[in-house]
Amino acid sequence: QVQLVESGGGLVEPGGSLRLSCGASEIFDSLATLAWYRQTPGKQRELVARLRSDGDTFYTDSVKGRFNISRDDAKTTVYLQMNSLKTEDTAVYLCKVVIRDIWAYWGQGTQVTVPS
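1. A short note on the environment of Q44
If you trace the backbone, Q44 turns up in the loop between strand 4 (32–39) and strand 5 (46–51). Exposure remark for Q44: the relative accessible area of 75% places this residue in the exposed category. For the pair Q44 and L31, spaced 13 residues apart in sequence, the C-alpha to C-alpha distance is 27 Å. Apart from the residues lying within four places of it in its own chain, the contact partners of Q44 are R38 and Q39.

Next comes the structure, spelled out in C-alpha cells:
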C-alpha cells in the first residue's frame, strides 16, 4: 500500500507561482504513471497533468505552458510546478500513482486558492 501526501498548496495572487509536492511512502515502481488531478465543488475531478514511465507527458489545455510535472531522481516525490496562476486554477489538487496500470493510489489533496 503506497501512502501519498501532498503539500505546497496555499493562497497565491493571480500571476503567482506554487510548487506542489507529493511524497510517497516507497519508491515509485519503474512502470508507475504519476498524475495530478484537481477538483472543485460540483465539478468532475479533472486530470491536470500526467507523467508516464517512458517520460511521456500530458497537460490539460488550460494549463499548457504554465504547469510542469516532474519527479525526483529518488522516485519518491512527484511535483507540479504551477506558474502564472489564474483564478480558475483554484481547486483541491490531488496526486495519483498508478502502478503497472493495475494499482491506483491517491493522496488526500492540497488546496490551492487564487483569489479574483
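2. So, the state of the cysteines
Inspection of every chain in the model, using the stated rule, returns one disulfide. In this model C22 forms its disulfide with C95; the gap between the sulfur atoms is 1.9 Å. Taking the sign of the torsion about the S-S bond as the criterion, the disulfide between C22 and C95, at about 45°, is right-handed. Here C95 lies in strand 9 (residues 91–99) and C22 lies in strand 3 (residues 18–24), a separation of 73 residues in the sequence. Like C95, C22 is buried.

3. Remarks on the nonpolar core
Ranked by internal contacts, the top residues of the largest apolar core, which has 30 residues, are W36, L80, M82 and Y93. Listing elements by their share of this core, those giving two or more residues are strand 3, strand 4, strand 5, strand 7 (67–71), strand 8 (77–82) and strand 9. With five residues, strand 9 is the single largest residue contributor to this core. Not counting the four nearest positions on each side in its chain, Y93 is found in contact with E6, L20, W36, Y37, R38, V48, F67, L80, M82, G109, T110 and V112.

About the thresholds
Residues numbered from 1 in each chain as written. Predicted model: local features only at pLDDT ≥ 70, side-chain atom pairs only at ≥ 80, totals over all residues. Heavy atoms only, no water. Helix = DSSP H or I, 4+ residues; strand = E, 2+ residues; numbered from the N terminus. Buried < 20%, exposed > 50% of the residue type's maximum accessible area, 1.4 Å probe, protein only. Contact = heavy atoms within 4.5 Å. Disulfide = S-S within 2.5 Å. Core = buried A, V, L, I, M, F, W, Y, C linked by side-chain atoms within 4.5 Å.

Fair warning: the whole summary comes from geometry, so function is off the table for now.
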